[in-house]
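Fold and geometry: a report
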Amino acid sequence: MYFAPEDADAFEAAKALLVRRCAADDEHVDPLTVESALNFRHHSIDGRLGYWTTGLVAEFLLSYTPRTLSAAPEDAAGVPEDLRLFLRWLHANELADPTGDPLTDLDAAAVNASYGFAAAMADERNFGVAKFWVMNALRQGIDPTDNAAMERFLNEVRAGNVDFDEAVLEEIAARHLLDGGQPERAVPQLPVSLPPDAELAEAAERTPVVARLRALVEWVGDGRALTSTGQLKLADARELVDLLGTGDRIDPTIGDRVFRTQSSADLPVLAGLVELAKEIRVVRAVKGKLVRVAKNARLLRDSLALWIAAFDALPSPELVVQGRWVPQYTVLFGEIIDIVLPDVLNTLYGFPEPMPVVRLEETVWLSFLEAVWLEDPDDPETRHGIGADLRRVFATLADFGAVTLTTGAPDPIFRADLGPDGPAGFPPDTDARLRTALSGESTDLVSLTPLAARAVRARMVAEGRHAPLIGELSDAEPAGLLGLLSEHYPPEAAKAELTNWMAACGGRRLALPLLLNAVRRSPFRTRARAMLDVTVQALPDGTAVLRELSHDRQLGPIAVQLLIDDGEFPMEDLGEQEALRGMAEHFIHLLETGGPEAVSDTLATIPPDEVRGLTANVLACGHPDETGLAELREVFARPRPGHSTAHPLAGVSRSSNKSRKKRR
């Protein structure tokens, strides 16, 4: 239920399998809608095929389908109901992601979206560029599948002989430029462990920013007059510097010269704090006065919520441009900090070891060069200055309670991707500089605090990214739990999550049968194998459990395969029936992961005079997956080189109506 973007062939095979099985189980569902729904989730920021929320249901029906499905509203009227049937099928077959919304909520969301579906399908502004021209061609009576006819139609468009709504096309093209047509897949995040919110609230209570924001709002009281330019009066600013402990210098002496503070804007920490308080709406400027926002008084009492609100508002130019007299490159860096800082925080998120600041300096510099035009991009002063700006941002974040700054020897993992042929792909001079810097014993390191990790994770989840949290699956159903662990959790994290789950279920004696029954119910053998593997890997006596399961009718072939893979079961010890069931297991795996062609290709490597007997024995071996065997039977019957007979179905087909009713 999850494939990396580069695993296109594996995704296509899985999609064909899911569409085939869903359509076979329910004759009322349109396979094209199922295929479209799977494409929608695969080509998304997280790529989880079984993860659905009410928001995703609405997006699929009111945005994605109107953009991609070239059909008249009346011809597509069944799509909302088809989606409902597909989502019910996912849940019935225990393929739904346990962190998604409940089926009842998804069902209601599909019903609600169905009321606006026809209008969304009819509104040309919702179309994609390709659909816009296909629908215009259809209006001209042209078959879009006729390539020659479509080419003639487009030539007529270029010649100005076809009427169309140019304003709508411009709007579609502009939207396409902004979103690129489909979201970019986010980098998978490792599962993290976080303290409970009560502990995080105590940590937030101790941060300077929470104390300063509360003290500032209390000082504002019934209102404080501002200058004509909207700044704090200088006398008030002087008072606040001491009251809040901002550390700003008033009338600083540099060399033998005193620079008089002319405005509160010259006090960067205080000015930034006031702007932050305005941004999170605990104070606001009204008619020349700074006043409290009464409706947000509750936020001030919740230290964790207050800290997170302040943290989320941080990526602003004021974080970088502290003071009036700064270099131009600092101003430019401030203008893109709202893009750069989230990327930096996402990079730090989930790393088990503190990251060398120098690594981040290099990547931030490359990002700066991509976003900003410089007359001399090799200017060492600008490069050094951006690095200094980043370090100043980290110092502010450390004071904020968001990062921890230390010094020490960097973990070797941060050098592993360097070198001329390394995957990091840095320019040679950058690569050499990094290898030198990361070889020392005293390097500046940075890591996220648990407070920041919680806030970053919340933002990722809000963006639709998958950011697993150890402990969040304690109440998940066993099949969803094992499916998620097998696809998204490394072994140690999976073991920790599964241990927590079994404890919540009353211990191993009660929990293990639930897990094994979930594996038995899996409709797909490849998934069942992954689920069983992640289960036994988390058990101290996993091998013994597999040996016991090797005699289980449903799980025996999988257990034997896992034992063989682990070197715990010699191939020569297999009995004839065990060997045949293992061969059937292998063919079913091939069918599920590569499609009918993969099975046919394997058969082609076997001498023709051996194939008939082999396939007959495999089909008669008593393998427990009856559906898989039925599909194999149809693939085995396909014509092969040197054979003139042809099976009437010529491949894997849907089940008969009779068998559909039986399975439902």
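It should be noted that the structure appears before, not after, this text.
In this report, the structure presented in the accompanying data block is examined. (Residues numbered from 1 in each chain as written. Predicted model: local features only at pLDDT ≥ 70, side-chain atom pairs only at ≥ 80, totals over all residues. Heavy atoms only, no water.)

Moving on, we get to the environment of threonine 53. With respect to the element layout, threonine 53 can be found in the loop between helix H2 (31-42) and helix H3 (54-68). Here threonine 53 falls in the buried class, since its relative accessible area comes to 15%. With residues up to four places along the chain from it excluded, the contact list for threonine 53 reads Asp101 and Leu106. (Helix = DSSP H or I, 4+ residues; strand = E, 2+ residues; numbered from the N terminus. Buried < 20%, exposed > 50% of the residue type's maximum accessible area, 1.4 Å probe, protein only. Contact = heavy atoms within 4.5 Å.)

Core analysis: the largest hydrophobic core is formed by 81 residues, its most contacted members being Leu216, Leu270, Trp307, Phe311, Phe333, Phe368 and Phe394. Not counting residues up to four positions away in its chain, the partners in contact with leucine 270 are Leu232, Ala237, Leu240, Val241, Leu244, Thr246 and Asp248. In this structure, Met1, Val57, Phe60 and Met121 belong to the second largest nonpolar core, which totals 38 residues. (Core = buried A, V, L, I, M, F, W, Y, C linked by side-chain atoms within 4.5 Å.)

On to the pattern of salt bridges. Within the structure shown, the criterion is met by 33 salt bridges. As a salt-bridge pair, lysine 15 and glutamate 12 come within 3.2 Å of each other at their nearest N and O atoms. Of this pair, lysine 15 and glutamate 12 both sit in helix H1 (residues 8-25), three residues apart, which is roughly one turn of the helix. The residue aspartate 107 makes a salt bridge to arginine 88 at a minimum N-O spacing of 3.2 Å. One end of the pair, aspartate 107, is in helix H5 (residues 103-122); the other, arginine 88, is in helix H4 (residues 79-92), and 19 residues separate them in sequence. Among the charged side chains, a salt-bridge network with shared partners connects Arg41, Asp46, Arg48 and Asp97. (Salt bridge = Lys/Arg side-chain N within 4 Å of Asp/Glu carboxyl O.)

So, about a negative patch on the surface. A surface patch of like charges, here negative, comprises Glu375, Asp376, Asp378 and Asp429. Within the fold, glutamate 375 resides in the loop between helix H18 (357-371) and helix H19 (380-400). Its relative accessible area of 73% is what places glutamate 375 among the exposed residues. (Patch = residues over 30% accessible without salt bridge, like charges linked within 9 Å, V, L, I, M, F, W, Y side chains within 5 Å. Areas by Shrake-Rupley, 256 points an atom, 1.4 Å probe, with all protein chains shown as cover. Lys, Arg positive; Asp, Glu negative; His and termini not counted. Charge placed at Lys NZ, Arg CZ, Asp CG, Glu CD.)

Let's shift gears to the packing of H18 against H19. Across the interface, H18 lies against H19 with an axial gap of 10 Å and an inter-helix angle of 120°. In this view, H18 runs oblique relative to H19, as classed from their interaxial angle. In the packing of H18 onto H19, the handedness of the crossing is right-handed. Along its contact with H18, which presents Val357, Leu360, Glu361, Glu362, Val364, Trp365 and Phe368, the element H19 presents Thr382, Arg383, Ile386, Gly387, Leu390, Arg391 and Phe394. Of the residues in the contact of H18 with H19, the class split is eight nonpolar, two polar and four charged. (Axes fitted to C-alpha atoms, helices over the stretch in contact; angles between N-to-C directions. Parallel < 35°, antiparallel > 145°, perpendicular 65-115°, else oblique. Left-handed = near helix turned anticlockwise from the far one by under 90°. Nonpolar A, V, L, I, M, F, W, Y, C, P; charged D, E, K, R; others polar.)

Attention now moves to the layout of surface pockets. Its volume calculated, the largest pocket comes out at about 1,200 Å³. Around the largest pocket, the lining is made up of 38 residues, and of these Val187, Gln189, Asn346, Thr347 and Arg465 lie nearest the centre. Elements that contribute at least two residues to the lining of the largest pocket include exactly helix H17 (337-348), H18 and helix H22 (478-488). The class makeup of the residues in the lining of the largest pocket is 21 nonpolar, eight polar and nine charged. (1 Å grid on protein atoms, 1.4 Å probe; cavity = no way out; pocket = protein on both sides within 12 Å on 5 of 7 lines; lining within 4 Å. Points joined across faces, edges and corners; volume = space filled by probe spheres on them.)

Under the definition given, this model contains three cavities of 30 Å³ or more. Approximately 90 Å³ is the volume found for the largest cavity. Contributing to the lining of the largest cavity are 15 residues, with Met1, Leu95, Asp97, Leu484 and Glu487 lying nearest its centre. Among the elements that line the lining of the largest cavity, the one with the most residues is H22, at five residues. Across the lining of the largest cavity, the residue classes break down as seven nonpolar, four polar and four charged. The space that makes up the second largest cavity amounts to roughly 50 Å³. Surrounding the second largest cavity, Gly50, Tyr51, Trp52, Leu87, Leu90, His91, Ala96, Asp97, Gly100, Asp101 and Leu106 form its lining.

It is worth spelling out the packing of H18 against helix H20 (residues 428-437) at this point. Relative orientation of the contacting elements H18 and H20 amounts to 165°, with a least axis distance of 10 Å. In terms of orientation, H18 and H20 fall into the roughly antiparallel class. The handedness of the crossing between H18 and H20 comes out as right-handed. Residue-level inspection shows Val358, Arg359 and Glu362 of H18 in contact with H20, the latter providing Thr430, Arg433, Leu434 and Ala437.

This part covers the sheet that holds strand E1 (residues 224-225). Across the sheet, which stays open at both edges, the three strands sit in the order E1-E5-E4 with antiparallel pairing between neighbours. At either margin of the open sheet sits one strand with a lone partner, and together these are E1 and strand E4 (283-286). Against the sheet, helix H10 (residues 208-220) touches E1, E4 and strand E5 (289-292), its axis set at about 115° to E5. (Pairing = 2+ DSSP bridges.)

With antiparallel pairing, the three strands of this open sheet are ordered in space as E6-E8-E7. Looking at which strands have only one partner, the edges of the open sheet turn out to be strand E6 (355-356) and strand E7 (403-408). Pairing geometry for E7 and strand E8 (residues 443-448), over six bridges, is antiparallel. When the sheet's bridge partners are listed, leucine 405 is paired in E8 with valine 446.

Where helix H11 (residues 234-244) is concerned, the buried positions are Asp236, Ala237, Leu240, Val241 and Leu244. Down the axis of H11, the smallest arc covering the buried residues is 140°, so these residues share one side. H11 presents Ala235 and Asp242 as exposed residues on the side facing more than 90 degrees away from its buried surface. Buried-residue contacts for H11 involve H10, E1 and helix H12 (268-279). (Arc of directions from axis to C-beta.)

Our focus in this paragraph is the packing of aromatic side chains. We describe a pair of aromatic rings using the distance from one ring centre to the other and the angle between the two ring planes. Scanning all chains against the criterion turns up 17 aromatic pairs. Note on phenylalanine 587 and phenylalanine 636: the rings are 5.5 Å apart at their centroids and 85° apart in plane angle, and the pair reads as edge-to-face. Of this pair, phenylalanine 587 sits in helix H28 (residues 576-594) while phenylalanine 636 is found in helix H31 (residues 626-636), placing the two residues 49 residues apart along the sequence. Of the two residues examined, phenylalanine 587 and phenylalanine 636, each falls in the buried class. Grouped by ring-pair contacts, the aromatic residues Phe40, Trp52, Phe60 and Tyr64 constitute a single cluster. Between the NZ or CZ atom of arginine 48 and the centre of the ring of tyrosine 51, over which it lies, the distance is 3.8 Å. Its end group placed over the ring of tryptophan 219, arginine 224 keeps NZ or CZ at 4.1 Å from the ring centre. (Phe/Tyr/Trp six-rings, centres within 6.5 Å; stacked < 30°, edge-to-face > 60°. Lys NZ or Arg CZ within 6 Å of the ring centre and 35° of its normal.)

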